[in-house]
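# Structure assessment
Here's the letter readout for the chains.
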Amino acid sequence: QVQLVESGGGLVQAAGSLRLSCAASGFTFSRYVMEWYRQAPGKQREWVADITSSGSTNYADSVKGRFTISRDNAKKTVYLQMNSLKPEDTAVYYCHVFVYRDYWGQGTQVTVSS
């Protein structure tokens, strides 16, 4: 079965950095687009970034130039390097893949203090 397990969240001061990881299993990782989403308190879940099987990347305007998504197919892991963090980046961050249906990880909390 498909499983996604995020890690790496925490509390950081504004302008700091964090790297999130999402370990995947249960599907042929290298063949699928992997995505990061986030959900802030009281807001809808929003798309943050994605990376295709060939390594092409896309970013939401709000994080472009500050966040970098990458993948290691050998480790079946996708990463989100977050730099220059802002208080408005505070959210639960989720890893997502669509393999015949949507799969989500449990999420990892990122809190950015001002």
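Attention here is on the structure that accompanies the text. This one's a predicted model, so the numbers in the text were calculated from it and none came from an experiment. (Residues numbered from 1 in each chain as written. Predicted model: local features only at pLDDT ≥ 70, side-chain atom pairs only at ≥ 80, totals over all residues. Heavy atoms only, no water.)

## A short note on the overall build of the chain
Heads up, the rule is: Only DSSP runs of H or I covering at least 4 residues are called helices, and only runs of E covering at least 2 are called strands; the numbering of each starts at the N terminus. Our radius of gyration is a C-alpha quantity, and the globule rule it is checked against amounts to 2.2 Å times the number of residues to the power 0.38. Accessibility here uses a 1.4 Å probe with only protein chains present; expressed as a share of the type maximum, an area under 20% marks a residue as buried, one over 50% as exposed, and anything in between as partly exposed.
What the chain contains, in helices and strands, is zero helices and 11 strands. Reading the helices (α) and strands (β) of the chain from amino to carboxyl end gives β-β-β-β-β-β-β-β-β-β-β. Against the compact-globule benchmark of 13 Å for 114 residues, the chain has a radius of gyration of 13 Å, which places it among compact chains. Summarising its shape, the C-alpha atoms of the chain cover approximately 40 × 25 × 20 Å along the three principal directions. With 114 residues in all, the chain has 44% of them scored as buried.

## As for the state of the cysteines
For clarity, the cut-off: Any two cysteine sulfur atoms within 2.5 Å of one another count as a disulfide.
Considering all chains together, one arrives at one disulfide under this definition. In this model, Cys 22 is linked to Cys 95 through a disulfide, with the two sulfur atoms separated by 2.2 Å. Between Cys 22 and Cys 95 the disulfide shows an S-S torsion of about -85 degrees. By sign, it is left-handed. A residue pair is termed long-range when its members are at least 10 positions apart, and Cys 22 in strand 3 (residues 18-25) and Cys 95 in strand 9 (residues 91-98) qualify at 73 residues. Overall, Cys 22 belongs to the buried group, its relative accessible area being 0%.

## Things to note about the pairing of strand 11 (residues 108-113)
Applied cut-off: Two strands form a pair only when DSSP identifies at least two bridges running between them.
Of the two faces of strand 11, only the one carrying Thr 108, Val 110 and Val 112 is buried; Gln 109, Thr 111 and Ser 113 on the other face are not. Inspection of the sheet shows strand 2 (residues 10-13) paired to strand 11 by four bridges, in the parallel sense. Residue pairing in the sheet places Gly 10 in a bridge with Val 110 of strand 11. With three bridges joining them, strand 9 and strand 11 adopt antiparallel strand pairing. Opposite Ala 91, over in strand 11, you have Val 110 as the bridge partner.

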